[in-house]
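Listed here are the chains, written in short residue letters.
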Amino acid sequence: MASDSAFFMSESIDGLNVGAQFLDRLSAEQKAQVLAAGRAVFTAQGEMVFSQGEHHSGIYIIRRGQVRVYYTAPSGREITLAYWTPGHFIGGPEIAGEGPHMWSGIAMEDCEITALSSPALQRLLVQVPAFALALIDGLIAKGKCYSSMAQMLGTRSVIERLAQYLLNLAELYGLADGDTVIINRKVTHDQIAAMVGSTRQWITMMLKRFQAKRIIAIEDGVIRIRRLDLLEDILFKE
C-alpha cells in the first residue's frame, strides 16, 4: 500500500484508498473539463480548508497533500474522521451548497486543491453525465468509510481500536527491521486519541503498558512494533 493512502479507522487497510479513483471513469477530456470548472487553491500546512459550521459552498478535490477531516463536539473534544490524500474529494456530504459544513478539514501539509463551487457542480452534473456517476462512486466510498468508523466505534473496545490502529499503521507505513516493524510515520498521542476515540491521557497510559509488555517500543517519537502477534491477540481473543 502506498504511503500516501487515505487513512481512517477500519478493520483492515483494504479499500482505504478506493475513493481516490472516483474520477477514473471519465475520459481525459471530461476530467480536464471538470478540473477546469474549479479554481486552484493552495493551502499551507496548518491552514483550514473548510470549517465546521461555516456555510457550505462546494467540494474540494485534493491534487497534492493531505487533509485531516474531523468533528468537534460542543465540549471541544475532537474525533478524526479520516486523513484524505490526492484523488479524494472532501467537503461532503452536502453537494448542493445548502446548510453548514458538518465537520472541518485542515491541511496536514502544503496542499494543492481544486475547489468546485456548488453552481459549477450542478452545471457539470447536467453537462457531463459521467461525472454524476463518478460523484456517486465517490459518495459510496465516503459512505463506506464512515460506516467502517461507526462500526469500529460501536463494536470494538478502545483497546481493540488502538490495537487495530497500530496494525493498520504497520501495514501502511511499516518497515521490516529484523523481527520488528518500524512505523515510518510520526504520530502524536493527541492524533492517536482523536483517531481511536479516546483521550490523550488514556493513550499515553496504554502505550506505556504496551511498552512494559514489550509489544512496542517508542524512541524519539517513532513506534517500533515488536510483537504483532500480541496486538492480533487483543483483536481476536475469544
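For the structure itself, look to the data block above.
The numbering scheme is per chain: residues are counted from 1 as the chain's sequence reads. In keeping with the model being predicted, local features are shown solely for residues with a pLDDT of at least 70 and side-chain atom pairs are shown and tallied solely at 80 or more, while totals for entire chains, interfaces and linings include all residues. With hydrogens and water stripped out, all remaining heavy atoms of the structure feed into the side-chain values.

Draft legend 1. Molecular detail of the packing of aromatic side chains. Each pair of aromatic rings taken from Phe, Tyr and Trp, with Trp reduced to its six-membered ring, is defined by centres within 6.5 Å and is described as stacked if the planes are under 30 degrees apart, edge-to-face if over 60, and tilted in the remaining cases. On inspection of all chains with the given rule, the structure shows six aromatic pairs. Between Phe7 and Tyr165 the ring centres are 5.7 Å apart and the planes differ by 50 degrees, which places this aromatic pair in the tilted class. Of this pair, Phe7 sits in the segment before helix H1 (28-36) while Tyr165 sits in helix H4 (residues 158-173), and the two are 158 residues apart along the sequence. Of the two residues examined, Phe7 and Tyr165, each falls in the buried class. Here Phe7 and Tyr173 contribute two aromatic rings whose centre-to-centre distance is 6.5 Å and whose plane-to-plane angle is 70 degrees, an arrangement assigned as edge-to-face. Of this pair, Phe7 sits in the segment before H1 while Tyr173 sits in helix H4; the two residues are 166 residues apart in sequence, bridging distant segments of the chain. Comparing Phe7 with Tyr173 shows no difference in burial state: the two are buried. What links up through ring pairs into an aromatic cluster is the set Phe7, Tyr165 and Tyr173. The ring centre of Tyr70 lies 4.3 Å from the NZ or CZ of Arg68, which sits over that ring. Against the face of Trp84 rests Lys142, its NZ or CZ located 4.0 Å from the ring centre. Helix numbers and strand numbers start at the N terminus; a helix is a DSSP run of H or I with at least 4 residues, a strand a run of E with at least 2. Residue burial is assigned from relative accessible area. The probe radius is 1.4 Å, only protein chains are included, and a residue is buried under 20% of its type maximum, exposed over 50%, and partly exposed in between. We count a charge as sitting over a ring when the NZ of a lysine or the CZ of an arginine lies within 6 Å of the ring centre and within 35 degrees of the ring normal.

Draft legend 2. Inspection of unusual backbone geometry at higher detail. Between Gly92 and Pro93 the backbone carries a cis peptide bond, its omega angle lying at 5 degrees. On the secondary structure map, Pro93 appears in the loop between strand S6 (89-90) and strand S7 (104-107). Of note, Arg214 is a non-glycine position whose phi angle comes to about 60 degrees, a positive value. If you trace the backbone, Arg214 turns up in the loop between helix H6 (200-212) and strand S11 (216-219). Residues other than glycine seldom take positive phi values, yet Asp220 does so here, at roughly 55 degrees. Positionally, Asp220 belongs in the loop between S11 and strand S12 (222-225).

Draft legend 3. Highlighting the pattern of salt bridges. Salt bridges are defined by distance alone: a side-chain nitrogen of Lys or Arg within 4 Å of a carboxyl oxygen of Asp or Glu. In total, this model carries eight salt bridges according to the counting rule given. The residue Glu78 makes a salt bridge to Arg68 at a minimum N-O spacing of 3.0 Å. Here Glu78, found in strand S5 (residues 78-84), pairs with Arg68, found in strand S4 (residues 67-72); they are ten residues apart in sequence, far enough to count as distant. By relative accessible area, Glu78 is classed as partly exposed at 34%. With its nearest N and O atoms 2.7 Å apart, the salt bridge here joins Asp229 to Arg227. Through salt bridges with shared partners, a single ionic network connects Glu11, Arg156 and Glu160.

Draft legend 4. A look at the pairing of S7. By the alternation rule, side chains of S7 split into Ser104 and Ile106 and Gly105 and Ala107, which are all buried. Bridge count between strand S2 (residues 48-50) and S7: two bridges; the pairing is antiparallel. Residue pairing across strands places Phe50 opposite Gly105, the latter belonging to S7. DSSP-based pairing: two strands are paired if at least 2 bridges between them are found.

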